[in-house]
Amino acid sequence: CYKAQLKPQMVLGDLDSVSTPAITWAEKNKVLVEKLNPNKDDTDFKILLDRIVKDNPNDLLCTGVFAGRFDHLWSLFNYVVAYQNKYKRRIILVDQKEIIFFLDKVDEQVIIEYQAKVKNISLLPLAKTSYVSITGVKWPLHEKKLEKQQPFSISNEFELNKDAHICLQSGCVEVYILR
């Protein structure tokens, strides 16, 4: 947010990966900055979700949450799916190159507008078995069974100037977009 000069609503965490100029910028712009004790059981992201999801009726766009570590990312995915199910809100995770969100409602449909900057789109099943359709891509699927143990629907490409249409018939699917 600091580099892009996009004012967030909140900065929360142990702040071990945030530069001093970024914190100074946030405080100067009257962004709520809350530093957490690094010695805690829950991750910074779970604490954030506990604080804001239940009282916020809107979908959430979260940045700076991937941390470059698989263990954090894995727990983050599980938190997001659980909170989406419980509070019925979409939580979208974004960093410099990636966008991740989850489809977990039967017959849920999403349209992703074509952008030349998008390199790939992947559909990764999180439920044991998921059925999904996608059009507007090089390798379309129609009510295809995706299994958690064989996530073959990765690195798909947009067709030139076509939007991608995704529909989930059952299960839970992570939609991963690489820019």
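Being a predicted model, the structure only gives us computed values, none of them experimental.

Caption draft 1: The arrangement of the sheet that holds strand β11 (residues 173-178) in detail. Pairing within the open sheet is mixed, and its 5 strands lie in the order β3-β4-β5-β11-β7. Either end of the sheet is taken by a strand with one partner, and the two such strands are β3 (60-63) and β7 (120-125). Strand-to-strand twist in this sheet, taken as the mean axis angle between neighbours without regard to direction, amounts to 20°. Pairing geometry for β3 and strand β4 (residues 91-94), over 4 bridges, is parallel. Of the residues in β4, the one forming a bridge with Leu-60 is Ile-91. Packing of helix α3 (residues 70-87) onto the sheet brings it into contact with β4, β5 (98-103) and β11, and relative to β4 it is tilted by some 155°.

Caption draft 2: Geometry of the environment of Phe-152. For Phe-152, the location among the structural elements is in the loop between β9 (141-147) and β10 (164-170). Considered as a pair, Phe-152 and Leu-126 are 26 residues apart in the sequence and their alpha carbons are 13 Å apart. Contacts of Phe-152, omitting those with residues within four sequence positions, involve Leu-141, Lys-144, Lys-145 and Leu-146.

Caption draft 3: Structural context of the sheet that holds β10. In space, the 4 strands of this open sheet follow the order β6-β10-β8-β9, with antiparallel pairing throughout. Each edge of the open sheet is held by one strand with a lone partner, namely β6 (108-112) and β9. Averaged over all neighbouring strand pairs, the angle between strand axes comes to 25°, with direction disregarded. Two strands pair when backbone bridges link them, and strand β8 (residues 129-135) and β10 are joined in this way by 5 bridges, in the antiparallel orientation. Within β10, the position partnered with Tyr-131 by the bridge is Ser-170.

Caption draft 4: Local environment of helix α2 (residues 44-52). Residues of α2 that are buried include every one of Phe-45, Lys-46, Ile-47, Leu-48 and Leu-49, and no others. Taken together, the buried residues of α2 touch β1 (10-13), β3, α3 and β4.

Caption draft 5: Looking closely at the confidence of the model for the chain. Counting all residues, the mean pLDDT for the chain is 89, and 100% of those residues have values of 70 or more. Across the chain, element-level confidence peaks in helix α1 (residues 20-28) with a mean pLDDT of 95 and bottoms out in β3 with 86.

Caption draft 6: Main features of the nonpolar core. Within the largest apolar cluster, 24 residues are counted, with the highest numbers of intra-cluster contacts made by Phe-45, Leu-49, Ile-91 and Leu-93. Going through the elements one at a time, α2, β3, α3, β4 and β5 are the ones with two or more residues in this core. Examining the composition of this core, we find that 7 residues originate from one element, α3, more than from any other. Apart from residues lying up to four places away in sequence, Leu-93 is in contact with Phe-45, Cys-62, Val-65, Phe-66, Leu-76, Phe-77, Val-80, Glu-98, Ile-99, Ile-100 and Phe-102.

Rules and cut-offs
- Residues numbered from 1 in each chain as written.
- Predicted model: local features only at pLDDT ≥ 70, side-chain atom pairs only at ≥ 80, totals over all residues.
- Heavy atoms only, no water.
- Pairing = 2+ DSSP bridges.
- Helix = DSSP H or I, 4+ residues; strand = E, 2+ residues; numbered from the N terminus.
- Axes fitted to C-alpha atoms, helices over the stretch in contact; angles between N-to-C directions.
- Contact = heavy atoms within 4.5 Å.
- Buried < 20%, exposed > 50% of the residue type's maximum accessible area, 1.4 Å probe, protein only.
- pLDDT = per-residue confidence, 0-100.
- Core = buried A, V, L, I, M, F, W, Y, C linked by side-chain atoms within 4.5 Å.

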